Amino acid sequence: DILRAGGNAFDAAVTAVATACVAEPVLASLGGGGFFLARRADAPDDATLYDFFTQTPKQRRPMAETEFLPVLADFGMVTQEFHIGGGTCATPGMVAGLSIIQGDLCRMSPVEHFAHAIQLARGGLRVNDFQSFLFEVVSAIYSGDPESIACFGDASGKLAPLGALVMNPDLADTLEALACDGERLFSEGEIAAEICAFSADHGGHLSMADLSGYGVERRVPLRIDYRGAAILTNPPPSTGGLLIAFALRLMEK
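**Focus on the pairing of strand β1 (residues 34–38)**
For step 1, the next point in the chain: A one-sided burial pattern is seen for β1, the buried positions being G34, F36 and A38 and the unburied ones F35 and L37.
For step 2, the next point in the chain: With five bridges connecting them, β1 and strand β2 (residues 48–52) associate as antiparallel partners. Residue pairing across strands places A38 opposite T48, the latter belonging to β2.

Structure below.
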């Protein structure tokens, strides 16, 4: 839809990320972070890796004041320990990253980027098989907070089952505010204040200094030459790209 409306590939990607924050809440969130590898058609040799991953808070509260609780995620064949509570929250980078990408690479406005996600959040989405599976895997995380259950659960106090309609009007309002006021909401505005208040009340480490001091990093991608092809991927300090490069070197023989 974005491409048909005159947007470019970057407009489409930003719109997809915003939509994923509504449709795949276990996997994507405005409170999270990420990476974005951009290669423009008019400058193919000048690719950029946008690093807007979450950051460790600058100051650490004493352990006695920190809310940091273990939970187990059940993947069926294996369980993995995760942690919940205010003490697990890092400085979010998603909103700052999307804002930089919108300014650097996109043709369309944030209002156009977020329109579809706002519509879905307000009108609701039916829980499909994949979403139901993800909710089941991380049910201990989503069930750990009454407000989480109120958003993603049903009247019985359980996470929304397969086929249930899940609406998130608060997220719709947040996206509308972002479209109008920009990323400053998360760095120094009303939402930043809410995040810091939550952190203070729930044993977290985040402060306004973390949110206002966050910066997106533009990096030169890691280049791998593999069997006649040039592969661009995530450079250090991320380790994922290095591991891929190492594996390809082994496979090349």
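Next, the rest of the story.
**Description of the state of the cysteines**
For step 1, the next point in the chain: All chains considered together, the criterion is met by zero disulfides.
For step 2, the next point in the chain: The cysteine C180 is free of any disulfide, with C106 supplying the nearest cysteine sulfur at 17 Å.

**Overview of the pattern of salt bridges**
For step 1, the next point in the chain: Applying the stated criterion across every chain, the model contains ten salt bridges.
For step 2, the next point in the chain: Linking E188 and R184 is a salt bridge whose minimum nitrogen-to-oxygen distance equals 3.6 Å.
For step 3, the next point in the chain: Among the charged side chains, a salt-bridge network with shared partners connects R122, D173 and E176.

**Quick look at the environment of E112**
For step 1, the next point in the chain: With respect to the helices and strands, E112 occurs in helix α3 (residues 110–123).
For step 2, the next point in the chain: Classification of E112 as partly exposed rests on a relative accessible area of 38%.
For step 3, the next point in the chain: Between the C-alpha atom of E112 and that of G204, which follows or precedes it by 92 residues, the distance is 34 Å.
For step 4, the next point in the chain: Side-chain polar atoms of E112 contact the backbone nitrogen of S109, separated by 2.9 Å.

**Some thoughts on empty space enclosed by the protein**
For step 1, the next point in the chain: Across all of its chains, the model carries two cavities of 30 Å³ or more by this definition.
For step 2, the next point in the chain: In this structure, the largest cavity encloses a volume near 140 Å³.
For step 3, the next point in the chain: As for the largest cavity, its lining consists of 14 residues, and the residues nearest its centre are V22, A23, P25, L125 and V166.
For step 4, the next point in the chain: Looking at the lining of the largest cavity, the elements that each hand over two or more residues are α1 (9–23), α3, β5 (125–126) and α4 (129–137).
For step 5, the next point in the chain: Roughly 40 Å³ of internal volume is contained in the second largest cavity.
For step 6, the next point in the chain: The wall of the second largest cavity is formed by A23, E24, P25, V26, Q131, L134 and F135.
For step 7, the next point in the chain: Sorting elements by how many residues they give to the lining of the second largest cavity places α4 first, with three residues.
For step 8, the next point in the chain: In terms of residue class, the lining of the second largest cavity is made up of five nonpolar, one polar and one charged.

**Quick look at the pairing of strand β9 (residues 229–233)**
For step 1, the next point in the chain: Pairing of strand β8 (residues 222–226) with β9, which is carried by five bridges, proceeds in the antiparallel orientation. The residue bridging Y226 from the neighbouring strand is A229, located in β9.
For step 2, the next point in the chain: Linking β8 to β9, which pair antiparallel, is a turn of two residues; within it R227 sits at a positive phi near 50°.

**Concerning the sheet that holds β2**
For step 1, the next point in the chain: In space, the three strands of this open sheet follow the order β1-β2-β7, with antiparallel pairing throughout. Each edge of the open sheet carries a strand with a single partner, namely β1 and β7 (217–219). Neighbour-to-neighbour, the strand axes of the sheet open up by a mean angle of 20°, direction not taken into account.
For step 2, the next point in the chain: Contacts from helix α2 (residues 94–105) reach β1, β2 and β7 within the one sheet, and its direction differs from that of β2 by about 150°.

**Here's the deal with the nonpolar core**
Buried together is how nonpolar side chains tend to be arranged in soluble globular proteins.
For step 1, the next point in the chain: Core analysis: the biggest nonpolar cluster contains 34 residues, and L30, F36, Y50, F52, I101 and L175 have the highest contact counts within it.
For step 2, the next point in the chain: Of all the secondary structure elements, the ones that give two or more residues to this core are α1, β1, β2, α2, α3, α7 (169–181) and α8 (184–187).
For step 3, the next point in the chain: Beyond its immediate chain neighbours, meaning those up to four positions away, L30 contacts C21, P92, M94, V95, L171, T174, L175, L178 and F186.

**Some details on α2**
For step 1, the next point in the chain: Compared with the 16 Å implied by 1.5 Å per residue over twelve residues, the 16 Å span of α2 between its first and last C-alpha is a close match.
For step 2, the next point in the chain: Among the residues of α2, M94, V95, A96, G97, L98, I101, Q102 and L105 are the ones counted as buried.
For step 3, the next point in the chain: Against α1, β1, β2, α3, α7 and α8 lie the buried residues of α2.

**With respect to the environment of H202**
For step 1, the next point in the chain: In this structure, H202 sits in the loop between α9 (190–201) and α10 (208–212).
For step 2, the next point in the chain: Along the chain, H202 and G85 lie 117 residues apart, while their C-alpha atoms are 6.9 Å from each other.
For step 3, the next point in the chain: Once you skip the residues sitting within four places of it in the chain, H202 turns out to touch E67, G86 and G87.

Criteria and thresholds
Residues numbered from 1 in each chain as written. Predicted model: local features only at pLDDT ≥ 70, side-chain atom pairs only at ≥ 80, totals over all residues. Heavy atoms only, no water. Buried < 20%, exposed > 50% of the residue type's maximum accessible area, 1.4 Å probe, protein only. Helix = DSSP H or I, 4+ residues; strand = E, 2+ residues; numbered from the N terminus. Pairing = 2+ DSSP bridges. Disulfide = S-S within 2.5 Å. Salt bridge = Lys/Arg side-chain N within 4 Å of Asp/Glu carboxyl O. Polar contact = N/O pair within 3.5 Å; in protein donor to acceptor, adjacent residues only side chain to side chain. 1 Å grid on protein atoms, 1.4 Å probe; cavity = no way out; pocket = protein on both sides within 12 Å on 5 of 7 lines; lining within 4 Å. Points joined across faces, edges and corners; volume = space filled by probe spheres on them. Nonpolar A, V, L, I, M, F, W, Y, C, P; charged D, E, K, R; others polar. Axes fitted to C-alpha atoms, helices over the stretch in contact; angles between N-to-C directions. Contact = heavy atoms within 4.5 Å. Core = buried A, V, L, I, M, F, W, Y, C linked by side-chain atoms within 4.5 Å. Expected span 1.5 Å × (residues − 1).

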